[in-house]
Amino acid sequence: MKKAIIAIAGAGLLASACASDPYGYNNGTNETVRQGAIGAGLGAVAGAIIGNNVGGGNAATGALIGGALGGTAGAIRGSNQDRNNQQRYRDNQGRYYYCYDNRQDECYWDNGQRRY
């Protein structure tokens, strides 16, 4: 039974380590993706342990539920941090745009399109 827990926990960690940023932020500026992946990995490990020891003893179900809940919580937390890292500006036509960490090379309009 311990081998099953270790295998499921390892799979959860490997899956979270392979998460990639769909928006192309490979320089670590997107906390939503990063913290969502960390939360999914930690949730899968905790869920496997709890699922093995509680109820019917099904570690796989616990890992799935824990991974989903941990990923969601991590993504919400990361999204809030991303929002706090944004600096809002207004162009000469009165349109708002935002940039991450005062970097003028990563700016976006309010609708999410990249500002060049």
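Cut-offs applied
Residues numbered from 1 in each chain as written. Predicted model: local features only at pLDDT ≥ 70, side-chain atom pairs only at ≥ 80, totals over all residues. Heavy atoms only, no water. Buried < 20%, exposed > 50% of the residue type's maximum accessible area, 1.4 Å probe, protein only. Helix = DSSP H or I, 4+ residues; strand = E, 2+ residues; numbered from the N terminus. Pairing = 2+ DSSP bridges. pLDDT = per-residue confidence, 0-100. Salt bridge = Lys/Arg side-chain N within 4 Å of Asp/Glu carboxyl O. Disulfide = S-S within 2.5 Å. Expected span 1.5 Å × (residues − 1). Phe/Tyr/Trp six-rings, centres within 6.5 Å; stacked < 30°, edge-to-face > 60°. Lys NZ or Arg CZ within 6 Å of the ring centre and 35° of its normal. Axes fitted to C-alpha atoms, helices over the stretch in contact; angles between N-to-C directions. Parallel < 35°, antiparallel > 145°, perpendicular 65-115°, else oblique. Left-handed = near helix turned anticlockwise from the far one by under 90°. Nonpolar A, V, L, I, M, F, W, Y, C, P; charged D, E, K, R; others polar.

Burial runs high along strand β2 (residues 96-100): 4 of the 5 residues are buried. Note: strand β1 (residues 86-90) against β2, 5 bridges, orientation antiparallel. The residue of β2 that forms the bridge with R90 is Y96.

Here the focus is the sheet that holds β1. Taken together, the 4 strands give an open sheet; going across it, the order is β1-β2-β3-β4, and neighbouring strands pair in antiparallel fashion. A single partner strand is all that each edge strand has here, and the edge strands are β1 and β4 (114-115). Bridge count for strand β3 (residues 107-109) against β4 is 2 bridges, and the pairing is antiparallel. Note on β4: the bridge partner recorded for Y108 is R114.

The next subject is the confidence of the model for the protein chain. Residues with a pLDDT of 70 or more make up 72% of the protein chain, whose mean pLDDT is 77. Helix α2 (residues 31-53) holds the highest mean pLDDT among the elements of the protein chain, 90, whereas helix α1 (residues 2-17) holds the lowest, 59.

Turning next to the pattern of salt bridges. All told, the structure shown has 2 salt bridges when counted by the stated rule. Between E31 and R34 there is a salt bridge, with the nearest N and O atoms lying 2.7 Å from each other. Pair noted here: E31 and R34 are both in helix α2, with a separation of 3 residues, about one helical turn. Relative accessible area serves as the criterion here: at 12%, E31 is assigned to the buried category. With a relative accessible area of 41%, R34 lands in the partly exposed category.

Attention now goes to the state of the cysteines. One pass over the structure, following the stated rule, counts 1 disulfide. A disulfide bridge connects C99 with C107, and the sulfur atoms are separated by 1.9 Å. Judged by the sign of its S-S torsion, about 100°, the cystine formed by C99 and C107 is right-handed.

Turning our eyes to something else, we now look at α2. Relative to the 33 Å expected for 23 residues at 1.5 Å per residue, α2 spans 32 Å between its end C-alpha atoms, a close match to the ideal helical length. Immediately downstream of α2, the backbone of G55 shows phi near 70°, a positive value.

With that settled, consider the packing of aromatic side chains. Counting across every chain of the model gives 3 aromatic pairs. Summarising the aromatic geometry, the rings of Y97 and W109 are spaced 5.8 Å apart at their centres and angled 75° between planes, so their arrangement reads as edge-to-face. One end of the pair, Y97, is in strand β2; the other, W109, is in strand β3, with 12 residues separating them in the sequence. A single burial state applies to Y97 and to W109, both of which are buried. Following the ring pairs from residue to residue traces out a cluster consisting of Y89, Y97 and W109. Cation over ring: R115 sits above Y97, and NZ or CZ is 3.8 Å from the ring centre.

Take the packing of α2 against helix α3 (residues 59-84) next. Here α2 crosses α3 at 155°, and the two axes come no closer than 5 Å. In terms of axis orientation, α2 runs roughly antiparallel to α3. Note on packing geometry: the crossing formed by α2 with α3 is right-handed. The class makeup of the residues in the contact of α2 with α3 is 6 nonpolar, 17 polar and 3 charged.

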